[in-house]
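# Chain and residue survey
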Amino acid sequence: MNSPSIQRPDWDEYFISIAELVSSRSTCIRRHVGAVLVKEKRILATGYNGAPSGISHCKDVGCIREQMKIPSGERHELCRGLHAEQNAIIQAAYHGVSIKSSVLYITCHPCSVCAKMIINAGIGEIIIKGNYPDKISGELLKEAGVKIRVVQNKQ
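Residues numbered from 1 in each chain as written. Predicted model: local features only at pLDDT ≥ 70, side-chain atom pairs only at ≥ 80, totals over all residues. Heavy atoms only, no water.

All right, on to the sheet that holds strand E1 (residues 34-39) then. One open sheet accounts for five strands, arranged E2-E1-E3-E4-E5; its pairing is mixed. The open sheet has two edge strands, strand E2 (42-48) and strand E5 (147-150), and neither has a second partner. Averaged over all pairs of adjacent strands, the angle between their axes in this sheet comes to 20°, without regard to strand direction. Judged from the six bridges that link them, E1 and E2 form a sheet pairing that is antiparallel. Bridge pairing in E2 links Val36 to Thr46. (Pairing = 2+ DSSP bridges. Helix = DSSP H or I, 4+ residues; strand = E, 2+ residues; numbered from the N terminus. Axes fitted to C-alpha atoms, helices over the stretch in contact; angles between N-to-C directions.)

Once that is clear, we can look at the environment of Ser72. The topology assignment puts Ser72 in the loop between helix H3 (64-67) and helix H4 (84-94). Here Ser72 falls in the partly exposed class, since its relative accessible area comes to 34%. (Buried < 20%, exposed > 50% of the residue type's maximum accessible area, 1.4 Å probe, protein only.)

A few words now on the packing of helix H5 (residues 112-121) against helix H6 (residues 135-144). In the contact formed by H5 and H6, the axes pass within 8 Å of each other and the chain directions differ by 15°. Considering the angle they form, H5 stands roughly parallel to H6. The interaxial crossing formed by H5 with H6 has right-handed handedness. For the pair H5 and H6, contact is made by Ser112, Ala115, Lys116, Ile118 and Ile119 and by Ile136, Ser137, Leu140, Leu141 and Ala144, respectively. (Parallel < 35°, antiparallel > 145°, perpendicular 65-115°, else oblique. Left-handed = near helix turned anticlockwise from the far one by under 90°. Contact = heavy atoms within 4.5 Å.)

Turning to unusual backbone geometry, a few remarks are in order. One non-glycine residue with positive phi stands out, namely Arg75, at about 50°. Along the chain, Arg75 falls in the loop between H3 and H4. You will see that Ser101, though not glycine, has its phi angle at about 65°, which is positive.

Put into structure tokens, the structure is as follows:
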């Protein structure tokens, strides 16, 4: 019996799609970002951008960055939330999961703060769906030898 051909996503499409789903948990008013840490085609940890556990979410109390008119890509310390990459790295550490030589799938390019965390966490490659206005980030990642690929899922 012949069954119709099922179009399976390739691994990059699959994990980027999961990162997009993870981003739907974001509580940020300005941008929803999702991250998935993967090693040998297995998910190690996920993260989305939002306030730390037990802290009020921006969607509930307002955005400090909007109130102060801070442009995207600047003054990252002036925010209630953590970035998706930070939350994924923290989640792995919290549960004692090594992410050395892993691949990070993320829905936008990391900022320079996250880039430094990615470098020191030993993440070997980043696969990105979108862009972000932080030139320093790309320069740091390139200098550290972290591979960066931009992909678009075909959904």
